[in-house]
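Observations on the three-dimensional arrangement
Each chain, written out:
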Amino acid sequence: MSLSDLQAETTEVLARLVRFNTVNPPGNERPAIEYLAGYLEDAGLRTELLACDENRPNLVADLEGTGDGPILCYLGHVDTVLADPSEWAHDPWSGDVVDGFLWGRGALDMKSQVAAEAVAAAALGREGWRPANGHLRLVFVADEETGGDVGAHWLTTVHPAKVRCDMLINEGGGEVFEYGGARRYGVCAGEKGIFRFKLTAHGAAGHASIPRTGDNALLKLGPVLDKLAGAKLSVQLSEAPAAFLRSIGEDPDDPAAALARIEAADPALLTLLEPMFGVTLTPTMAHASDKINVIPSRAYLKIDCRVPPGFGEDAAHERIAHVLGADGRDFEIEFTEKVMGNSSPTASPLMDAIDRWVQANDPGADTVPVILPGFSDSKWFRDAFPDCVAYGFFPQRHMSVLEAAPLVHNADERIDVRDLGFAASSYVDIARELLG
Ligand SMILES: [Zn+2]
């Protein structure tokens, strides 16, 4: 299929997907998954629905070859976060195309990638292509946005043989940005761990009308919030961020200077990139007295702490001690969630194939490994299949990371339709190159 045909068909499939309301919770992904199954069956793929919850099935679709070889999997989730139509310029479930953009919840995260992957596989299937070496597999899942209990986590745990793969392309990377005079496409090679904790201050209760009778625990949180607000990032460099700095021409042995240069060149870019270089502490919840006239004897903050892959709870403790200093000993720290980060090696045949594709299709551009500050289903595949190399890659050439990133989970989510064809063609070409 030509690039313009791929663009037209991916735009159509994405519009159909956007019109299925799959806001999770409750998800209700069945109609969207059944539509995709029918679309791929018509193109010659073998499909199977696997469900933990009957309203929320997952789809596995295979294009099998004859020879031995790797299984290349294209993964995507069809659920979305919620949307408030009153905040949008166009209805979030319309799939309308206006001025070259397709609008709707999921237009970036990530019905667009699902559509591009499906159209690529359908185009290959319809023209009679079958892998000479290996196997092309598509896995479209429910329930990513609330953690994958009936989606990728369940599939990789209960049906590992059906979703096993050697190479995986998922969400989390691919938008272009410019740095040092060159265009760069991020390929997401890992995601940070989550070490959320509760920080509690203790005092003594008293009557609020006589302030000095008690020892107000809430007031003790003020200096903590000040310190968190003023804390400068301390760098803890893991493999992918070090490779990132090298590939944009910066020195990973002097990361502080590298980050200062990125900030000088483009402060908005540094805001997006910075979290991959270290532990972040973000206070998001607070609680003190249950009554307005009682001085609280306890007050706490809940802090969302993210740790780069390769580092664990020790790194979180070090960061807390560094930010709070000696005063930190006055507070009780209790971790409520501990999830290690995960990553794939940045050097692999899949990375080489992505890199060659970018260089061939955007001359002068290159790829750079990045780390996702948040969570994706890649974690479940890396956990279940330790040898699987998983990357986030959905190439967007016409919409930069600075334009796209703020729209994810936000109002007016939309995508430049030219990027739909661009991405679909990447999935056609990469499958042909790796599977023959
Ligand atoms: Zn997503």
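Above this text is the structure in question.
Overview of the structure. Model, not experiment: these values are computed from the prediction. (Residues numbered from 1 in each chain as written. Predicted model: local features only at pLDDT ≥ 70, side-chain atom pairs only at ≥ 80, totals over all residues.)

Turning to the overall build of the protein, a few remarks are in order. In terms of regular secondary structure, the protein is built from 14 helices and 20 strands. Taken over C-alpha atoms, the radius of gyration comes to 23 Å for the protein, in line with the 22 Å a tight globule of 436 residues would show. Its C-alpha atoms put the protein at 80 × 50 × 45 Å along the principal axes. With 436 residues in all, the protein has 48% of them scored as buried. When contacts within the protein are restricted to residue pairs at least 6 apart in sequence, long-range pairs at least 24 apart make up 78% of them. (Helix = DSSP H or I, 4+ residues; strand = E, 2+ residues; numbered from the N terminus. Rg over C-alpha atoms; globule rule 2.2 N^0.38 Å. Buried ≥ 20, exposed ≤ 12 C-beta atoms within 10 Å, placed from the backbone. Contact = placed C-beta atoms within 7 Å.)

This part is about the environment of D377. Mapped onto the elements, D377 comes out in the loop between β17 (366–372) and α12 (378–384). Sequence-wise, D377 and H153 are 224 residues apart; in three dimensions their C-alpha atoms are separated by 7.6 Å. Beyond its immediate sequence surroundings of up to four residues, D377 is in contact with L75, H77, V141, E144, G148, G151, A152 and N170.

Moving on, we get to the nonpolar core. Where a protein is soluble and globular, its nonpolar side chains tend to be buried together. Judged by nonpolar contacts, the single largest core of 103 residues is most densely connected at A118, V119, A120, A121, Y391 and A431. Here this core gets 11 residues from one element, more than from any other, and that element is helix α14 (residues 417–435). Beyond its immediate chain neighbours, meaning those up to four positions away, A120 contacts A424, Y427, V428 and A431. (Core = buried A, V, L, I, M, F, W, Y, C linked by C-beta atoms within 7 Å.)

Before going further, it helps to examine the sheet that holds strand β14 (residues 298–307). For sheets, the rule is that strands pair by backbone hydrogen bonds, running either parallel or antiparallel. Taken in spatial order, the four strands of this open sheet run β12-β14-β10-β15, and their pairing is antiparallel. Of all strands in the sheet, those with a lone pairing partner are β12 (280–287) and β15 (332–339), marking the two edges. Going across the sheet, the axis of each strand differs from the next one's by a mean of 20 degrees, ignoring polarity. Looking at chain direction, strand β10 (residues 193–202) and β15 are connected through seven bridges and run antiparallel. Looking across to β15, one finds that F197 is bridged to F335. Across the face of the sheet, helix α6 (residues 217–230) comes into contact with β10, β12 and β14 while running at roughly 25 degrees to β14. (Pairing = 2+ DSSP bridges. Axes fitted to C-alpha atoms, helices over the stretch in contact; angles between N-to-C directions.)

A word on helix α1 (residues 3–19). For α1, spanning 17 residues, the distance from its first C-alpha to its last is 24 Å, which sits close to the expected 24 Å at 1.5 Å a residue. Listing the buried residues of α1 in full gives L6, Q7, E9, T10, T11, V13, L14, A15, L17 and V18. Those residues of α1 that are buried lie in contact with α2 (30–42), β4 (97–98), β5 (101–103), α3 (111–126) and α14. (Expected span 1.5 Å × (residues − 1).)

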